[in-house]
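Reading the structure
One-letter residues, chain by chain:
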Amino acid sequence: MTDEVAARIDELRDELRAHDRAYYVDDAPTIPDVEYDALLAELGRLEAEHPELVADDSPTQRVGGGFVTTTFAPVTHRVPLMSLDNTFERDEFLGWAERVRRGLAGDGEAPPIRWACELKFDGLAVSIRYERGRYVQAATRGDGRVGEDVTANVATIADVPERLPDGAPEVLEVRGEIYLPVSEFDRINAAQDEAGKPRYVNPRNTAAGSLRQKDPRITAQRRLRLWTYQLGEVVGGEVPTSHSATLAWLAELGLPVNPLLTVVDDPEAAYAWIAEREGKRHDEDYETDGVVVKVDALAQRDRLGSTARAPRWAIAFKFPPEERTTLLHDIEISVGRTGRVTPFARLEPVFVGGSTVGVATLHNEDQVAVKDVRPGDTVIVRKAGDVIPEVVGPVLAGRDDATEPWAFPTVCPCPERSTLVRADGDANTYCVVPASSCPERRWQGIAHFASRGAMDIEGLGEQTVLALTRSGRVRHVGDLYSLTVDELLGYEGFAQLSAENLISAIDVSRSRPLPRLLFGLGIEHLGPTGAELLANRFRTLDGIAAATEEDVAAIDGVGPAIAASVARWFADDDHRATVSGLVEGGVRTDIVETDEVEPVLAGMSIVVTGALEGFSRDGAATAIKARGGKAPGSVSKKTTAVVVGDAPGAAKVTKAEEVGVPIIDEAAFVRLLESGELPASAERATD
């Protein structure tokens, strides 16, 4: 058994060293952090069980991967830069806090402990040195003892002062994290898209690559930022006695300190802050992957000491992973209601971002080509703040040399087998046959028409739409209004009551406001806001159909793309037949909502989490605010209700349950927007 354990330990060490080189030297990690942490934890567990097999050069005994490259001059850290131990679970975190308490108690009673909680930034650790108040040196973490001299590059960062104010210590070394703001990362990738170059994977890797440029002018173009959070060497100055006071002191010296810091008196309060920040992890313009909890009193830290690689007085609580690797089985295409053809990945199911993912978007032909993902690849899947998962890119180290780049299909899978078309200057590819001839376009268009953001036909879900369209009974939305209870009883899943309820819901939809009818028609580029503008201007569907492209484009807030799309839609014979079918079915086409929306949510605070069928994230927030409510990004005791869609944030739901905030679904949310009233079943829990 020992031989097997030793072999596994050697295997883990080799694998971790390879990943360390990819991460710290090449700035191109081959696996997400969560998978690396799992390998390191396994190695640590095996070494703890077999201490005779521990080696000084093991990844468990080193800081920062143990790599120092020769790209830049070496810098020896006067005070080593240590790593942090990680935890992922509440019980593990509380267990660490209890060990800290016992360590300070010794043989007696533990003194009061204050816990400083701060964000864990997803960037690049650096040490910055000032002598007599002047900036003289900056170095990367390296192996914790020796880093790389990046003085010239760090000097280009606007957050780094060249001089400190009078009264600064003779020598002041600060540790911090260099990061790339999310907005800047998006700007850089937009430029990559324009140039037809591959997109960068994430802000952390881009920041690391930017900092390690040989030409500081390139670094300056990337607009990197800095947060400082720790002291290194200090000579000739009086240092505050606590971590929180130290950060306040650094801020007074003009160094950038993140304002999101809290100091609490017990570990449970620290964990509550961790849960709160997890729910807000995408609220800021920088990436965070956890919270660092530290003993606040510096004297208590000295008593606790450190292991070979990490202090005993601090721990990093990591948020659930938003990136994982998995196998890409195949790349397929789907045809949407507008005819747009979208490639997507069939994946080996993997748990990421709070749910199991088996399908992920690839956006369009260009993105597949730029990412160069191929069936059979191991790929990185990411959810981040988005509900819809996407494939970030391949892990090239695991690619089979025999694979070929994926080619975008030239023929639609619909029965017409039409040639797919991509216009010059358009990133999207389309099936151009009428929706009546393409089953995929047809059923998706009808499902959109019935959705809550459009005609809100309760009970007409995707499976029912599929059954009705595949049987040939419903070929366009007007056919819905001639359905009968007896007909529905012939379809699987329908009994007398459910059939009657659906027919009743269809009947109610005949009187929906004109903007919702217009949006339900599925005209490309025309969203709810544009539909309201058109309805308010032309008052009836006939008026909109008769308007010229120029008439529509003249509306303030309606761009040329929407105007051209509306004109094309109403010029199509099939679409005019659809409108006639709606009129024959008794659907009103002349109802306009009033411009003023009643402030039915005044004084209410509504949090939305997960994907809603009838609202985008911004659309839901806009609807809440238009009715006088607030739409914050986190849950508190002041929250009126939490609206839960598909794949909601676990932290928000948990917090709502803990503080007794009502949790409602999308249907109740729609009724809340209309009436300002929560359903009786969603009364706030009492304390």
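Cut-offs and rules
- Residues numbered from 1 in each chain as written.
- Predicted model: local features only at pLDDT ≥ 70, side-chain atom pairs only at ≥ 80, totals over all residues.
- Heavy atoms only, no water.
- Salt bridge = Lys/Arg side-chain N within 4 Å of Asp/Glu carboxyl O.
- Buried < 20%, exposed > 50% of the residue type's maximum accessible area, 1.4 Å probe, protein only.
- Helix = DSSP H or I, 4+ residues; strand = E, 2+ residues; numbered from the N terminus.
- Axes fitted to C-alpha atoms, helices over the stretch in contact; angles between N-to-C directions.
- Left-handed = near helix turned anticlockwise from the far one by under 90°.
- Contact = heavy atoms within 4.5 Å.
- Pairing = 2+ DSSP bridges.
- Expected span 1.5 Å × (residues − 1).
- Arc of directions from axis to C-beta.
- Polar contact = N/O pair within 3.5 Å; in protein donor to acceptor, adjacent residues only side chain to side chain.

With that settled, the discussion passes to the pattern of salt bridges. What the rule picks out here adds up to 31 salt bridges. Aspartate 91 is the salt-bridge partner of arginine 90, the closest N and O atoms lying 3.4 Å from each other. By relative accessible area, arginine 90 is classed as partly exposed at 32%. Measuring nitrogen to oxygen at the nearest pair gives 2.7 Å for the salt bridge that ties glutamate 233 to arginine 129. With glutamate 233 in strand 8 (residues 225-235) and arginine 129 in strand 4 (residues 124-131), this residue pair connects regions lying 104 residues apart in the sequence. Each of the salt bridges in this network shares a partner with another, and the network as a whole consists of Arg78, Arg129, Glu131 and Glu233.

It is the contact of helix 3 (residues 90-105) with helix 9 (residues 267-279), at a shortest axis distance of 10 Å, that shows an interaxial angle of 140°. The two elements helix 3 and helix 9 cross, and the hand of that crossing is right-handed. Two secondary-structure elements touch here, helix 3 through Arg90, Phe93, Leu94 and Ala97 and helix 9 through Pro267, Glu268, Ala270, Tyr271 and Ile274.

On to helix 6 (residues 203-211). Where burial is concerned, most of helix 6 is hidden: eight out of the nine residues are buried. Buried within helix 6 we find Pro203, Arg204, Asn205, Thr206, Ala207, Ala208, Ser210 and Leu211.

Okay, the pairing of strand 12 (residues 323-335) next. With five bridges connecting them, strand 12 and strand 15 (residues 378-382) associate as antiparallel partners. Residue arginine 324 lies in a different strand from strand 15, and its bridge partner there is valine 381.

This paragraph deals with unusual backbone geometry. Positive phi, normally seen in glycine, also occurs at histidine 363, with a value near 70°. Assignment of secondary structure puts histidine 363 in the loop between strand 14 (355-361) and helix 11 (365-371). You can call histidine 363 partly exposed: its relative accessible area is 36%. Phi at aspartate 456 is positive, roughly 50°, even though this residue is not glycine. Along the chain, the position of aspartate 456 falls in the loop between helix 12 (439-450) and helix 13 (462-470).

With that settled, consider the sheet that holds strand 8. As summarised here, the arrangement of the four strands in space is 5-4-7-8, forming an open sheet in which the pairing is antiparallel. The open sheet has two edge strands with one neighbour each: strand 5 (134-140) and strand 8. Each adjacent strand pair in this sheet contributes to an overall mean axis angle of 25°, direction not counted. When strand 7 (residues 171-179) meets strand 8, the two strands line up antiparallel, connected through eight bridges. Across the sheet, tyrosine 179 pairs through a bridge with arginine 225, a residue of strand 8.

Right, let's talk about the environment of proline 267 for a bit. Within the secondary structure, proline 267 sits in helix 9. In this structure proline 267 comes out as partly exposed when scored by relative accessible area, which is 21%. For proline 267 and glutamate 233, which are 34 residues apart along the polypeptide, the C-alpha to C-alpha distance reads 29 Å. When near neighbours in sequence (up to four residues on either side) are disregarded, proline 267 contacts Phe93, Leu94, Ala97 and Trp115.

Relative to the 16 Å expected for twelve residues at 1.5 Å per residue, helix 21 (residues 573-584) spans 16 Å between its end C-alpha atoms, a close match to the ideal helical length. Restricting attention to buried positions, one finds in helix 21 the residues His575, Thr578, Val579, Gly581 and Leu582. In a view along the axis of helix 21, the buried residues occupy a sector of 160°, so they form one face of it. Along helix 21, exposed side chains directed more than 90 degrees from the buried face belong to Asp573 and Glu584. Buried residues along helix 21 sit in contact with helix 12, helix 16 (514-520), helix 18 (541-546) and helix 20 (560-571). The N-cap of helix 21, judged by a side-chain oxygen 2.9 Å from the amide nitrogen of aspartate 574 a few residues on, is aspartate 572. The positive-phi residue at the C-terminal boundary of helix 21 is glycine 586, with phi of around 90°.

Position of valine 395 relative to the elements: it lies in the loop between strand 16 (390-394) and strand 17 (429-430). For valine 395, a relative accessible area of 11% gives the class buried. When the C-alpha atoms of valine 395 and valine 379 are compared, they prove to be 5.5 Å apart, with 16 residues separating the residues in sequence.

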